[in-house]
Amino acid sequence: MDFKVGSLDTPKPANGDVGSLAANHVSTLKTSTSSTQLCSAEATLGRHLARRLVQVGVSDVFAVPGDFNLTLLDDLIAEPGLKLVGCCNELNAGYAADGYARSRGVGACAVTFTVGGLSILNAIAGAYSENLPIICIVGGPNSNDYGTNRILHHTIGLPDFSQELRCFQTVTCYQAIVNNLEDAHEQIDTAISTALKESKPVYVSVSCNLSAIPHPTFSREPVPFCLAPKLSNSLGLEAAVDAAAEFLNKAVKPVMVAGPKLRVAKACDAFLELADACGYPVAVMPSAKGLMKETHPHFIGTYWGAVSTAFCAEIVESADAYIFAGPIFNDYSSVGYSLLLKKEKAIIVQPDRVVIANGPAFGCVLMKEFLPALAKKLSRNTTAYENYHRIYVPGGLPPQCDPKEPLRVNILFKHIQKMLSGDSAVIAETGDSWFNCQKLKLPEGCGYEFQMQYGSIGWSVGATLGYAQAAKDKRVIACIGDGSFQVTAQDISTMLRCEQNTIIFLINNGGYTIEVEIHDGPYNVIKNWNYTAFVDAIHNGDGKCWTTKVQCEEELVEAIETATEVKKDCLCFIEIVVHKDDTSKELLEWGSRVSSANSRPPNPQ
C-alpha cells in the first residue's frame, strides 16, 4: 500500500514536479529519476537514501571519505542525478552544505563516524542557528558491534558509541541511528521529512555493513514525499489580522522591517505583497539582506541601530509603529543592545506567532498567511516614507585615488558595486566584509548570503563552494578576509575540481580586524601568506584558475576587467592589499558598542 511522508510546504507545480522553496524562489525538482522499478540488487538502504536526496532537491552531496562510510558513498555515486563532491575536510563539507541549502532550499553532507562527525559538528551548529535544512549523514559502526562492549577505532576509547549522537542532539532537530534494516526505511524518511518541516539539520548514522544489503522495504521506487502543509488556526489568524490592522491603522508614521526568519517562514513574497499594499517605508535587518528586493520603491536600507544605512535608523526609530517580520534580536544585530525601539510600538511576526505590542499574542498563525491577509486590511500610509524622502541626501562617492595611491577598502567596494547584476550573488565573510557588503545595493535577482547569528570565521570558503554548486546560473562574488581565509583555505581545491568560476576578493589587512575593533591584542595579528602563490600551488596547472595581487585602484580596475571578460570562465582569485587600519566607519562604531556590551561588570550579588 502506498503512503505519503508529508509534502514539501509549497504548491505542487502543474507538471507534477515537487516544489522546493529556497530563499526567495521555487525551484522545481523531479519526483523520480526513473519510473521503472529497481531490481532487487539495487533495492538497498544506500540507494533508498540516495533516491530520497534526489527527490527533495539535492543533486550534490559534500563528503569526506572514511572507512565507515565508503560503501555508502558507492551507493550515492551510483544514483543518477546525484554527484559526490569530495571536500578537503569535514568542516568545509558542512559549510558547503550550508551554502548549498541557502540557494537550493536543502543540503546534504556525508562523513565518517566520530572523527568525521565531530569535525563537521561546528558547521552543523551554524546551520542550526541559521535555520537551514541539512541532512548530515555519518557512516556508523558495524551493526554487530552495538551492545558488545567492544572498543572501536575513531572513538574516544570507550565501548559506548553514543558520544557522537549526544553531541549532535543539541544541534539537530532529529537523530536517526540506522543499525538494522527493519526500520531503516522509516528512520530515513522521518529524518528527511523532519529536516524539511523544521528547516533545521538532522543527523543520520548508517551502519557501515548495511548500506549495500537489499531489503523488501526498498523493493521499488520510493513514494514521493508529500509533507502535510502547516495551516494557521483560522480564528486565530482572523483575530491577529484584525488586531494588527487596528494597531497599524491608528499609527501616523508606521514602518516595516524584514528579519532573517522570512526565509524559514517561506514568506518573502508575502512580505513583498504587504509592502506593495501599505505604502510604508521598508527596511531589512542586516541578516535579512537579500530576502527583500532592494529595487522596491519604498526600500530605505538596512536597519542596524547605530550602524544602519544612512537615514534608515532615524525613520525606523522615530516611527510610532513598526512591524518586524521574522526578526532575531541578539547582541550583534542590536549593536550591543543599543537599539532605540519600544516594545509597545512593535508588532513582532514570527514564522508561526504574532505578538502585538505588550499583548495580545496569537499562536498557530503562519507568517506567510498573516502578511497577505493583513495587506488587505491596512489603509495605505506613506507618511513615514515621505519623511524619509525629505531628509534623504544621496551618498557621496569616496575621494578619488591619486595615481598609484595605496588602495582603500571603500574604493574596492565602489568597484564591486559596479560588478553586481541579477546574474551574480555575494557571499560576505564574518568581519569587516559584513559592513562593507551591507552597503552594496543589490540589483533585482542578485543573491546575498552571510552568517550573522553564528558568525564562524572561515564559513565563507565552504559556503561559497556550496552556493556556487547549487546556483550554477549565478557568478558568485566572495569577499573574504585574510584571517578567515586561513581557517578554511583548502577547499579552493574543490572549487577548481567542480569547475566553478567564482570571483574571490581576498582582503589582506594583516589580521583579525573585527576582533581588533572589539578588543585588540597581539593574538589578532596573523602570519602573512603569499596568497596568490598559495592558490597557484593548489591550482597546480589542473583546472581553470587565475590569480593576481592588487595594491592600487589602477590594478583593481584591470583585475576586474580581466576577471569579468577574458577569465569569465575561470576561478578568479584577487588579493587586495590594504592598510591594517582601513576599516568601515560602521565596524568602528559597532565594535566599540559590542565591546561595551561584552565588558559589562557583574551585577551586584
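Remember, predicted model here, so these are calculated numbers, not experimental data.

### Some remarks on the packing of helix α3 (residues 90-104) against helix α15 (residues 459-470)
(1) Moving on: Two elements in contact, α3 and α15, have axes whose closest approach is 6 Å; the angle formed by their N-to-C orientations is 45°. Classified by the interaxial angle, the pair formed by α3 and α15 is oblique. Our pair here, α3 against α15, has a crossing hand that is right-handed. Within the contact between the two elements, α3 uses Asn92, Tyr95, Ala96, Asp98, Gly99, Tyr100, Arg102, Ser103 and Arg104 and α15 uses Trp459, Gly462, Ala463, Leu465, Gly466, Tyr467, Gln469 and Ala470.

### What about the UniProt feature "domain: Thiamine pyrophosphate enzyme central" (unreviewed entry) in the protein chain?
(1) Moving on: Under the UniProt annotation, "domain: Thiamine pyrophosphate enzyme central" (unreviewed entry) lies at residues 241-357.
(2) Moving on: In residues 241-357, the share of helix is 26% and the share of strand is 22%. The end C-alpha atoms are 14 Å apart.

### Concerning the nonpolar core
(1) Moving on: In this structure, Phe62, Phe413, Phe485, Phe505, Ile574, Ile576 and Trp590 are the most contacted members of the largest nonpolar core, which totals 102 residues.
(2) Moving on: The residues touching Phe62, leaving out its near neighbours within four places in the chain, are Val85, Cys87, Ala93, Ala96, Ala97, Tyr100, Ala108, Cys109, Ala110, Leu465, Gly466 and Gln469.
(3) Moving on: Formed by 42 residues, the second largest nonpolar core is a distinct cluster that contains Ala265, Ala275, Tyr280 and Ile356.

### Regarding the environment of Pro254
(1) Moving on: Within the element layout of this structure, Pro254 appears in strand β9 (residues 254-258).
(2) Moving on: Residues in contact with Pro254, not counting those within four places in the same chain, are Leu248, Tyr280, Pro281, Asp320, Ala321, Asn381 and Ala384.

### Things to note about the pattern of salt bridges
(1) Moving on: Within the structure shown, the criterion is met by 18 salt bridges.
(2) Moving on: Across the pair Arg102 and Asp98 runs a salt bridge whose closest N-O atoms are separated by 2.6 Å. With a gap of four residues between them, Arg102 and Asp98 both fall in helix α3, about one helical turn apart. Note on accessibility: Arg102 and Asp98 belong to one class, buried.
(3) Moving on: A salt bridge links Arg166 to Asp160; the nearest nitrogen and oxygen atoms lie 3.3 Å apart.
(4) Moving on: Assessed through its relative accessible area of 45%, Arg166 is described here as partly exposed.
(5) Moving on: Residue Asp160 is classed as partly exposed on the basis of its relative accessible area of 44%.

### Quick word on the layout of surface pockets
(1) Moving on: Considering only enclosed or pocket space, the largest pocket measures out at about 1,300 Å³ in volume.
(2) Moving on: Along the walls of the largest pocket sit 42 residues, with Thr309, Gly395, Lys439, Leu440 and Lys441 positioned nearest its centre.
(3) Moving on: Going through the elements one at a time, β11 (299-302), α10 (312-317), α12 (383-391), α13 (409-419), α14 (432-438) and α21 (585-598) are the ones with two or more residues in the lining of the largest pocket.
(4) Moving on: Looking at the lining of the largest pocket, the element that brings in the most residues is α13, giving five residues.
(5) Moving on: Counted by class, the lining of the largest pocket contains 18 nonpolar, 14 polar and 10 charged residues.
(6) Moving on: Split by domain, the lining of the largest pocket shows at least three residues from each of two domains, domain 2 (234-391) and domain 3 (409-591).

Thresholds, definitions, all that
- Residues numbered from 1 in each chain as written.
- Predicted model: local features only at pLDDT ≥ 70, side-chain atom pairs only at ≥ 80, totals over all residues.
- Heavy atoms only, no water.
- Axes fitted to C-alpha atoms, helices over the stretch in contact; angles between N-to-C directions.
- Helix = DSSP H or I, 4+ residues; strand = E, 2+ residues; numbered from the N terminus.
- Parallel < 35°, antiparallel > 145°, perpendicular 65-115°, else oblique.
- Left-handed = near helix turned anticlockwise from the far one by under 90°.
- Contact = heavy atoms within 4.5 Å.
- UniProt positions renumbered as here; feature names shortened; annotations may be inferred.
- Core = buried A, V, L, I, M, F, W, Y, C linked by side-chain atoms within 4.5 Å.
- Buried < 20%, exposed > 50% of the residue type's maximum accessible area, 1.4 Å probe, protein only.
- Salt bridge = Lys/Arg side-chain N within 4 Å of Asp/Glu carboxyl O.
- 1 Å grid on protein atoms, 1.4 Å probe; cavity = no way out; pocket = protein on both sides within 12 Å on 5 of 7 lines; lining within 4 Å.
- Points joined across faces, edges and corners; volume = space filled by probe spheres on them.
- Nonpolar A, V, L, I, M, F, W, Y, C, P; charged D, E, K, R; others polar.
- Domains from an automatic or database assignment.

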